[in-house]
Amino acid sequence: MSAGIVTLTPAGAIDATYRIGMLERGAFVRASSYDREVSGKGVNVAAALRLAGGAVAAVVVLGEDDLAFAQRSPYADMLRVVPVPGATRVNTSVIDGGRATTKVNAPTPPIPREAWASTREAVRAAGAETSARWLVISGTLPAFPGESEPVALADVIRDAVDAGVRVALDTSGAALARTAVDPHGIALMKPNTLELAELVGRPLRTIGEVTDAARELVARGVETVYTSMGADGVLVVSASTVVHAHASARDVVNTAGAGDASLAGFLVGLGDADPRHPEALAAAAATAAAWGAHAVAQPTTILPDLADLPAARVTRDPDPATPLAEPAG
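Residues numbered from 1 in each chain as written. Predicted model: local features only at pLDDT ≥ 70, side-chain atom pairs only at ≥ 80, totals over all residues. Heavy atoms only, no water.

**Q** In this structure, what is going on with the overall build of the protein? I would like to understand it.
**A** For the protein, the helix and strand inventory stands at nine helices and 16 strands. Computed over its C-alpha atoms, the radius of gyration of the protein comes to 19 Å, within 12% of the 20 Å expected for a compact globule of 329 residues. Principal-axis analysis of the C-alpha atoms gives the protein an extent of 50 × 50 × 40 Å. By residue count, 54% of the 329 residues in the protein fall in the buried class. Summarising the internal contacts of the protein: among those between residues at least 6 apart in sequence, 67% fall at separations of at least 24. Charged side chains in the protein number 27 positive and 36 negative. The centres of these two groups are separated by 1 Å. (Helix = DSSP H or I, 4+ residues; strand = E, 2+ residues; numbered from the N terminus. Rg over C-alpha atoms; globule rule 2.2 N^0.38 Å. Buried < 20%, exposed > 50% of the residue type's maximum accessible area, 1.4 Å probe, protein only. Contact = heavy atoms within 4.5 Å. Lys, Arg positive; Asp, Glu negative; His and termini not counted. Charge placed at Lys NZ, Arg CZ, Asp CG, Glu CD.)

**Q** Even after reading the chapter, I still don't get the sheet that holds strand β9 (residues 166–170), so can you show me in this structure?
**A** Where strands meet in a sheet, backbone hydrogen bonds hold them as pairs that are either parallel or antiparallel. Spatial strand order, β5-β4-β1-β8-β9-β10-β12-β13-β14-β15: ten strands in an open sheet with mixed pairing. The outermost strands of the open sheet, each flanked by one partner alone, are β5 (79–84) and β15 (312–316). Averaged over neighbouring strand pairs, the angle between their axes works out to 20° when direction is ignored. Summarising the sheet, β9 and strand β10 (residues 186–189) pair through three bridges and their orientation is parallel. By the bridge assignment, A168 is partnered in β10 with L188. Running at roughly 165° to strand β8 (residues 132–138), helix α4 (residues 154–162) makes contact with β1 (4–9), β8, β9 and β10 of the sheet. (Pairing = 2+ DSSP bridges. Axes fitted to C-alpha atoms, helices over the stretch in contact; angles between N-to-C directions.)

**Q** Got a minute to help me understand the packing of helix α1 (residues 41–50) against helix α8 (residues 258–270) in this structure?
**A** Packed helix pairs are specified by the crossing angle of their axes together with the interaxial distance, meaning the distance between the axes. Close contact between α1 and α8 brings their axes to 8 Å; oriented N to C, the two are set at 45°. Looking at the two axes, α1 sits oblique to α8. Note on packing geometry: the crossing formed by α1 with α8 is right-handed. On the side of α1, the interface is formed by K41, N44, V45, A48 and L49, while α8 contributes D260, A261, L263, A264, L267 and V268. Residues of the contact of α1 with α8, tallied by class, amount to eight nonpolar, one polar and two charged. (Parallel < 35°, antiparallel > 145°, perpendicular 65-115°, else oblique. Left-handed = near helix turned anticlockwise from the far one by under 90°. Nonpolar A, V, L, I, M, F, W, Y, C, P; charged D, E, K, R; others polar.)

**Q** Looking at this model, I keep getting lost on the nonpolar core. Mind explaining?
**A** A general trend in soluble globular proteins is that nonpolar side chains are found buried together. Judged by nonpolar contacts, the single largest core of 51 residues is most densely connected at L49, W134, L188, Y226, F266 and L267. Within the second largest apolar cluster, 50 residues are counted, among which are V59, V123, F144 and M189. (Core = buried A, V, L, I, M, F, W, Y, C linked by side-chain atoms within 4.5 Å.)

**Q** How should I be thinking about the side chain of D232 in this particular structure?
**A** Relative to the assigned elements, D232 resides in the loop between β12 (224–228) and β13 (234–238). No salt bridge is formed by the buried D232; its nearest oppositely charged neighbour, R313, is found at 9.9 Å. One polar contact links the side chain of D232 to the main-chain amide nitrogen of E326, over a distance of 2.8 Å. (Salt bridge = Lys/Arg side-chain N within 4 Å of Asp/Glu carboxyl O. Polar contact = N/O pair within 3.5 Å; in protein donor to acceptor, adjacent residues only side chain to side chain.)

**Q** What is the right way to read the side chain of T17 from this model?
**A** On the secondary structure map, T17 appears in strand β2 (residues 13–19). Given a relative accessible area of 1%, T17 falls into the buried group. For T17, the residues in contact, after removing those within four places along its chain, are S33, Y34, D35, S93, I95, N254, P299 and T301.

**Q** I'm lost on the packing of aromatic side chains in this one. Help?
**A** Centre distance and the angle of the planes are the two values used to describe a pair of aromatic rings. Scanning the entire structure with this criterion turns up two aromatic pairs. For the ring pair Y18 and Y34, a centre distance of 4.8 Å and an interplane angle of 40° mean the geometry is tilted. Here Y34 lies in strand β3 (residues 33–39) and Y18 lies in strand β2, a separation of 16 residues in the sequence. With relative accessibility at 31%, the residue Y18 sits in the partly exposed group. Under the relative-accessibility criterion, Y34 is labelled partly exposed at 42%. When the ring of Y226 is compared with that of F266, the centres are 5.2 Å apart and the planes differ by 10°; the resulting orientation is stacked. Of this pair, Y226 sits in strand β12 while F266 sits in helix α8, and the two are 40 residues apart along the sequence. Each member of the pair Y226 and F266 is classed as buried. One cation-aromatic arrangement involves R36 over F69; the distance from NZ or CZ to the ring centre is 4.4 Å. (Phe/Tyr/Trp six-rings, centres within 6.5 Å; stacked < 30°, edge-to-face > 60°. Lys NZ or Arg CZ within 6 Å of the ring centre and 35° of its normal.)

**Q** What should I look at first to understand the packing of helix α6 (residues 193–200) against helix α7 (residues 207–220) in this one?
**A** Interhelical geometry of α6 versus α7 gives an angle of 60° and a closest axis separation of 10 Å. Seen along the crossing, α6 lies across α7 with a hand that is left-handed. In this structure, α6 uses T193, L196, L199 and V200 to contact α7, whose residues at the interface are V210, A213, A214, E216, L217 and R220. A breakdown of the residues in the contact of α6 with α7 according to their chemical character gives seven nonpolar, one polar and two charged.

**Q** Teacher, can you tell me more about the layout of surface pockets here?
**A** Left-over empty space is what a probe sized like a water molecule reveals as it rolls over the atoms. Volume-wise, the second largest pocket comes out at about 260 Å³. Lining the second largest pocket we find 15 residues, and of these L153, A154, I157, D182 and H184 sit closest to its centre. Breaking the lining of the second largest pocket down by element, the ones donating at least two residues are α4 and α5 (173–181). Tallied by class, the residues present in the lining of the second largest pocket amount to eight nonpolar, three polar and four charged. (1 Å grid on protein atoms, 1.4 Å probe; cavity = no way out; pocket = protein on both sides within 12 Å on 5 of 7 lines; lining within 4 Å. Points joined across faces, edges and corners; volume = space filled by probe spheres on them.)

Right, dumping it as structure tokens:
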């Protein structure tokens, strides 16, 4: 990876992961192990990107109560923390003996307007520091105090585009729906299958239906749509290319963070290549599938290494009739 990359996590988190024998509702359960780490989708992406080398900075909004913990993080050198009053939200994963992951995310706290202005400035500074080619905006977007709608991204996206930085977006809910209406400036959008189904308002049960839905976003102005499909792999769609990639996980230990690892793999696989070229998108899709499959075999949310990556199978123009093992809607 040669190009600098900045990630933005507007609602950072502390990820707590418990491993237990059996999850029984209403029962007392003693965990066999427990991990706690500074996280949030953009932090996860940045940590995975750093494994491949290159300049990476993670702008993340964290509560002041947890700044000392963040400073002890093994990733502290890449964090560009924007502090807000209070504690950071905690997102909890419970992994049981059957390898199922139950995830409970805390509510997203509001962000003061002055903190959002500081966040925008931190992104600009990190972009200049790293000579960034990409800005990755990841995770839940907070709202301003007293408001229900999440903060708008137009100014942050415009700053990036004006600086010659490409923007990748991986969010959900109202923030994704609003951006998808007018995605000007978005070079890469990464919904999962369920989020894509919600955007287009219909079920997605085959590769062809996912392709058609992604093409609707491309027609609105998104350059490339990368859909993470869980056990069905990844599908990358641009105006001229459709690529499917799949890699088999050696084990399934923890599914939290796999989408973040796959997005990092996509950017690493793409490198400095022109994403309009089919070969570049095929390489990016292959790396994304391999990193995502590798991530689910890890016990932590953040990808720890790139050892023994599984091989990915890549198909250009996949059969549209192929049914999804994990349909949406």
